[in-house]
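# Descriptive analysis of the structure
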Amino acid sequence: MAEPYKIKMVEPIAVTTREQREEAIKRAGYNTFLLTTEDVYIDLLTDSGTNAMSDNQWAGLMLGDEAYAGSKNFRHLEQAVRELYGFKYVVPTHQGRGAENLLSQIMIKQGDYVPGNMYFTTTRLHQELNGAIFRDVIIDEAHEPENEHPFKGNIDLNKLQALIDEVGPERIPYICLAVTVNLAGGQPVSMENMKAVYELAHKYGIKVMFDATRCVENACFIKHREPGYENKSIREIVKEMFSYADGCTMSGKKDGIVNIGGFLALNDEELYQKATALVVVYEGMPSYGGMSGRDMEALARGLYEAVDYNYVAHRLDQVKYLGDKLIAEGIPVVKPIGGHAVFLDARQFYPHIPQDQFPAQMLAAQVYLESGVRSMERGIVSAGRDPEGNHRFPKLELVRLTIPRRVYTYAHLDVVVDGVKAAWNNRHNVPGLRFVYEPPVLRFFTARFEPLK
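Summarised in this report is the structure supplied together with it. None of the values given here were measured: they were computed from a predicted structure. (Residues numbered from 1 in each chain as written. Predicted model: local features only at pLDDT ≥ 70, side-chain atom pairs only at ≥ 80, totals over all residues. Heavy atoms only, no water.)

### Considering the overall build of the chain
Our working rule: A run of H or I in DSSP counts as a helix once it spans at least four residues, and a run of E counts as a strand once it spans at least two, with each numbered from the N terminus. To sort residues, take the accessible area from a 1.4 Å probe on protein chains only and compare it with the maximum for the residue type: under 20% means buried, over 50% means exposed, and anything in between is partly exposed. Contacts: residue pairs with any heavy atoms within 4.5 Å of one another. To measure how exposed things are, a 1.4 Å probe is used in the Shrake-Rupley method; for residues, cover is taken only from the protein chains shown. Positive charges come from Lys and Arg alone, negative charges from Asp and Glu alone, with His and the N- and C-terminal ends not counted. To locate a charge, take atom NZ for lysine, CZ for arginine, CG for aspartate or CD for glutamate.
Secondary structure summary: the chain contains 16 helices and 14 strands in total. Its C-alpha atoms give the chain principal-axis dimensions of about 60 × 55 × 45 Å. A burial count over the chain gives 60% of its 453 residues as buried. Restricting the contact set of the chain to residue pairs at least 6 apart, pairs at least 24 apart contribute 73%. Counting every atom, the chain has about 17,800 Å² of accessible surface; 51% of that belongs to carbon and sulfur. Positive and negative side-chain charges in the chain, numbering 50 and 59 respectively, have mean positions lying 2 Å apart.

### Here we look at the sheet that holds strand β9 (residues 341-345)
Stated precisely, the cut-off is as follows: We call two strands paired when DSSP finds no fewer than two bridges between them. Note on method: axes are straight lines fitted to C-alpha atoms, helices fitted across the in-contact stretch only, with angles between N-to-C directions ranging 0 to 180 degrees.
Judged by pairing direction, the sheet is antiparallel, and its 3 strands sit side by side in the order β9-β12-β11 without closing on themselves. Of all the strands in the sheet, the pair left with one neighbour each is β9 and β11 (376-378). Geometrically, the sheet is characterised by an average inter-axis angle of 35° between neighbouring strands, direction not taken into account. Strand contacts of helix α14 (residues 359-371): β9, β11 and β12 (398-402), with the helix running at about 40° to β12, the strand carrying the most contacts.

### Details of helix α10 (residues 269-282)
The criterion, for reference: Expected span of a helix, by definition, is 1.5 Å for each gap between consecutive residues, and there is one gap fewer than residues. What qualifies as a polar contact is a pair of N or O atoms within 3.5 Å, subject to a donor-acceptor requirement within protein and to the restriction that residues adjacent in sequence count only when both atoms come from side chains.
Its 14 residues give α10 an end-to-end C-alpha distance of 20 Å, which sits within 8% of 20 Å, the value for a rise of 1.5 Å per residue. Those residues of α10 that sit buried are Leu271, Tyr272, Ala275, Thr276, Leu278 and Val279. Of the residues flanking the start of α10, the one acting as N-cap is Asp268, its side-chain oxygen 2.9 Å from the backbone nitrogen of Glu270.

### Considerations on the packing of helix α1 (residues 18-27) against α14
Relative placement of two packed helices is described by the angle separating their axes and the distance separating the axes. Condition: Roughly parallel here means an angle under 35 degrees, roughly antiparallel means over 145, roughly perpendicular means 65 to 115, and every remaining angle is called oblique. When residues are sorted by character, Ala, Val, Leu, Ile, Met, Phe, Trp, Tyr, Cys and Pro go into the nonpolar class, Asp, Glu, Lys and Arg into the charged class, and all the rest, Gly among them, into the polar class.
The geometry of α1 relative to α14 is characterised by a closest axis approach of 8 Å and an angle of 150° between their N-to-C directions. Relative to α14, α1 is oriented roughly antiparallel. Judged by residue contacts, Arg18, Arg21, Glu22, Ala24 and Ile25 of α1 engage Ala365, Tyr368, Leu369, Glu370 and Ser371 from α14. For the contact of α1 with α14, the residue count by class is 5 nonpolar, 1 polar and 4 charged.

### Comments concerning the nonpolar core
Applied cut-off: Each nonpolar core is a collection of buried residues, namely Ala, Val, Leu, Ile, Met, Phe, Trp, Tyr and Cys, held together in the definition by side-chain atoms within 4.5 Å.
Ranked by size, the top nonpolar core spans 64 residues in total, and within it Tyr85, Met194, Phe210, Met241, Phe242, Phe263 and Leu303 carry the most contacts. Counting 49 residues, the second largest nonpolar core, distinct from the first, contains Ala24, Ile42, Ala346 and Phe449.

### Topic: the packing of aromatic side chains
To be explicit about the condition: Put simply, two rings from Phe, Tyr or Trp (the six-membered ring, in Trp's case) pair if the centres are within 6.5 Å, and we call them stacked under 30 degrees between planes, edge-to-face over 60, tilted for the rest. Think of it as a cone above the ring: NZ of Lys or CZ of Arg counts as a charge over the ring if it is within 6 Å of the ring centre and within 35 degrees of the ring normal.
Considering all chains together, one arrives at 16 aromatic pairs under this definition. An aromatic cluster is built from Tyr85, Phe87, Phe210, Phe242 and Phe263, whose rings are joined through pairwise contacts. Positioned above the aromatic ring of Tyr119, the side-chain terminus of Arg124 is 4.0 Å from the ring centre. Against the face of Phe444 rests Arg378, its NZ or CZ located 4.6 Å from the ring centre.

### Re the pattern of salt bridges
In plain terms, the rule: Here, a salt bridge means any side-chain nitrogen of Lys or Arg that lies within 4 Å of a carboxyl oxygen of Asp or Glu.
Across all of its chains, the model carries 28 salt bridges by this definition. Across the pair Glu305 and Arg406 runs a salt bridge whose closest N-O atoms are separated by 3.2 Å. Placement of Glu305 in helix α11 (residues 293-306) and of Arg406 in the loop between β12 and α16 (410-425) is noted, with a sequence separation of 101 residues between them. The same class applies to Glu305 and to Arg406, which are both buried. In this structure, Arg434 engages Glu450 in a salt bridge whose closest nitrogen and oxygen atoms are separated by 2.3 Å. With a gap of 16 residues between them, Arg434 in strand β13 (residues 433-437) and Glu450 in strand β14 (residues 448-451) connect regions that are remote in the sequence. Classification of Arg434 as partly exposed rests on a relative accessible area of 41%. Residue classification places Glu450 among the partly exposed residues on the basis of a relative accessible area of 30%. Residues participating in the shared-partner salt-bridge network are Asp47, Arg214, Glu217, Asp255, Arg315 and Arg405.

### Describing the packing of helix α4 (residues 96-107) against helix α5 (residues 121-129)
Put simply, the rule is: Crossing handedness is read from the near helix: turned anticlockwise from the far helix by less than a right angle, it gives a left-handed crossing, and turned clockwise, a right-handed one.
Following both chains from N to C, one finds α4 and α5 inclined at 25°, their axes separated by 9 Å at the closest point. As judged from the angle between their axes, α4 and α5 are roughly parallel. By crossing handedness, the relation of α4 to α5 is classed as right-handed. Facing α4, whose interface residues are Arg97, Glu100, Asn101 and Ser104, α5 presents Thr122, Thr123, His126 and Gln127. When its residues are assigned to classes, the contact of α4 with α5 shows no nonpolar, 6 polar and 2 charged.

### Thoughts on the pairing of strand β8 (residues 262-266)
Within β8, 5 of the 5 residues are buried, leaving the element largely enclosed by the surrounding structure. Across 5 bridges, strand β7 (residues 247-251) lies against β8 in antiparallel orientation. Looking across to β8, one finds that Met250 is bridged to Phe263.

### Here's the deal with the pairing of strand β6 (residues 207-211)
Side-chain direction in a regular strand flips from residue to residue, so the side chains alternate between the two faces of the sheet. The condition that has to hold: We call a crossover right-handed when, viewed with both strands directed away from the observer, the connection leading from the first strand over the helix to the second proceeds clockwise.
Of all 5 residues making up β6, 4 are buried, and the element is well covered by its neighbours. Note: strand β5 (residues 174-178) against β6, 5 bridges, orientation parallel. Looking at the pairing, Cys176 lines up with Met209 of β6. The parallel pair β5 and β6, bridged by helix α7 (residues 191-203), forms a crossover whose chirality is right-handed. Bridge analysis of β6 against β7 gives 3 bridges, and the strand direction is parallel. Bridge pairing links Asp211 to Thr249 in β7.

Here you go:
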């Protein structure tokens, strides 16, 4: 599918030599997060805040109402969330983790359990910092890279019921349902599963909170894969999805197609009042919450743009194009191809590297060395340590090739394929890594490594 947009502005990007990249990755401690923009040719580190805004969004920036309280741009954002998602109350935040912080503080008590369909790094940390224990209740297929289940993000209702029976519903403040599931490979949740989870939760008085970061991608998968939705619009599907939730956290830096911003949306007035009391402490006034007026305007417009089928279908097509090209080269990836990224299976690249020698971290470094393409580790380094200080060993040891929205062309993706293929062909003698510096939390952002001899 050709791009449903035309390019009005370009930004030059660096083309580096192998020697330059060798020096750069050493300076970065073999952590792609610590590379500078000047070191990178094609940047697939993340799709968070790296998107290209439309002419309509840029025009909206010029209409920023920077009033400290009561900005008209907040009303536009509030209206967009109400129309598209159906929630009554909106609390803007500087990005998604600001909303996670608020939700965790207003709902979690010490000793609570929060079930979810696979962990996400910042989400789990906020839950744990507020005294909760995360419990993964995703279907088993999500942990199997080769499994072609069309909705690998689904919650296993038997696992959820077992947790309710084990700890009691009073110790489960909410279910965290991500749509889509990032660390499973950008995998979607079916509408049938959302409805079933909502009904089971409400039977016990448990709330359902969506991580709505990539909800539009999830909606498009439902349209393509779930019977009965093929003739529905993305907007109709999104509205039904959120009818099975009591609230959501949202990073606008993804499906909002902006560079900064997010929000917490709720239906419960008491929770909303608690959130507005806290947002003043951590973010700003409830009518801006860490965002400027101009950024709220761009986000409001981006939310509407994101439910256009031509936009989101092209978005998924670009990701599938990259995945299909890699599969054709015999390169192991998570299947089926997800919504925002292609995930390389580092275990199959480097079966000779034990997981505690960080094979995915090394693979991300090797892809960069071969091509100048920056990607991200999503394995044991991202999983971090448990409360006792031991490594968590996830079943999936992956490298994420994340495609920003409306930024790169199919020709750029062909370059990515060549770089990954070169890393695959040179995989046999690659060593593992060890920590040189390990921060206490969210270590994947700033840790440093060196190769083992």
